[in-house]
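What follows is each chain in one-letter form.
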Amino acid sequence: MYCNNCGNQIDDNAAVCIHCGAPTQNFSQPAQQQQQQPAQSNTMALVGFILAFLMPLIGLILSIIGLKRAPEYNGNGKGLATAGIIIGAIETLIVAIVIIVEIVAIVSMVGAAGSMM
């Protein structure tokens, strides 16, 4: 094989010319190591999941936002967001039922007290 740069004869397996130092066809660039970026976390899904237990309606809203943002994080947080939505929805429904039952009880007690007079 001959060097494309200087024209001197070189070994067929040479990666660089021994005469001028030019790379040959056998020369391969060292593979550059890709720097792995740390996995980003879907904070909105995590906060929504936690708040689903403490403040269900806010947790439900934040979990829905977290689920919508999951594709931006390569699906990271999708499970937490889904769990936050389910827990938040169930707890919000339970709180709504309890409030309705309490209102009905108060109204019936006020009605019963008013009819006694």
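Right, let's walk through the structure included here. (Residues numbered from 1 in each chain as written. Predicted model: local features only at pLDDT ≥ 70, side-chain atom pairs only at ≥ 80, totals over all residues. Heavy atoms only, no water.)

### What about the side chain of Asn42?
The topology assignment puts Asn42 in the segment before helix H1 (43-54). Sequence-distant contacts of Asn42, that is, excluding residues within four places in its chain, are made with Gly66, Arg69, Ala70, Tyr73, Asn76 and Gly77. (Helix = DSSP H or I, 4+ residues; strand = E, 2+ residues; numbered from the N terminus. Contact = heavy atoms within 4.5 Å.)

### Focus: H1
Taking 1.5 Å of rise per residue, 12 residues should cover 16 Å, and H1 covers 17 Å from first to last C-alpha, within 8% of that figure. Among all positions of H1, only Ala45, Gly48, Leu51 and Ala52 are buried. Taken around the axis of H1, the buried residues stretch over an arc of 135°, which confines them to a single face. Packing partners of the buried residues in H1 comprise helix H2 (56-69) and helix H3 (78-116). (Expected span 1.5 Å × (residues − 1). Buried < 20%, exposed > 50% of the residue type's maximum accessible area, 1.4 Å probe, protein only. Arc of directions from axis to C-beta.)

### Brief notes about the environment of Ala70
Positionally, Ala70 belongs in the loop between H2 and H3. Remark: the alpha-carbon pair of Ala70 and Leu80, spanning 10 residues in sequence, is separated by 10.0 Å. Setting aside anything within four residues of it in sequence, one finds Ala70 in contact with Asn42, Gly75, Asn76 and Lys78.

### Description of the packing of aromatic side chains
The relation between two aromatic rings is expressed through the spacing of the ring centres and the mutual angle of the planes. For the coordinates displayed, the defined rule picks out one aromatic pair. Taking 5.4 Å as the distance between ring centres and 90° as the angle between the ring planes, the aromatic pair formed by Phe49 and Phe53 counts as edge-to-face. Residue Phe49 and its partner Phe53 are both found in helix H1; the two are separated by four residues, about one turn of the helix. Judged by its relative accessible area of 22%, Phe49 falls in the partly exposed class. For Phe53, a relative accessible area of 45% translates into the label partly exposed. (Phe/Tyr/Trp six-rings, centres within 6.5 Å; stacked < 30°, edge-to-face > 60°.)

### Regarding unusual backbone geometry
One non-glycine residue, Asn74, adopts positive backbone phi at about 55°. Assignment of secondary structure puts Asn74 in the loop between H2 and H3. Residue classification places Asn74 among the exposed residues on the basis of a relative accessible area of 78%.

### Details of empty space enclosed by the protein
Scanning the model with the defined rule gives one cavity of 30 Å³ or more in all. Quantified by volume, the largest cavity comes out at close to 50 Å³. Lining the largest cavity are Met1, Tyr2, Cys3, Asn4, Ile10, Pro23, Thr24 and Gln25. Tallied by class, residues from the lining of the largest cavity come to five nonpolar, three polar and no charged. (1 Å grid on protein atoms, 1.4 Å probe; cavity = no way out; pocket = protein on both sides within 12 Å on 5 of 7 lines; lining within 4 Å. Points joined across faces, edges and corners; volume = space filled by probe spheres on them. Nonpolar A, V, L, I, M, F, W, Y, C, P; charged D, E, K, R; others polar.)

### Concerning the side chain of Ser63
Within the secondary structure, Ser63 sits in helix H2. If sequence neighbours within four positions are ignored, Ser63 has contacts with Gly48, Phe49, Ala81, Gly84 and Ile85.

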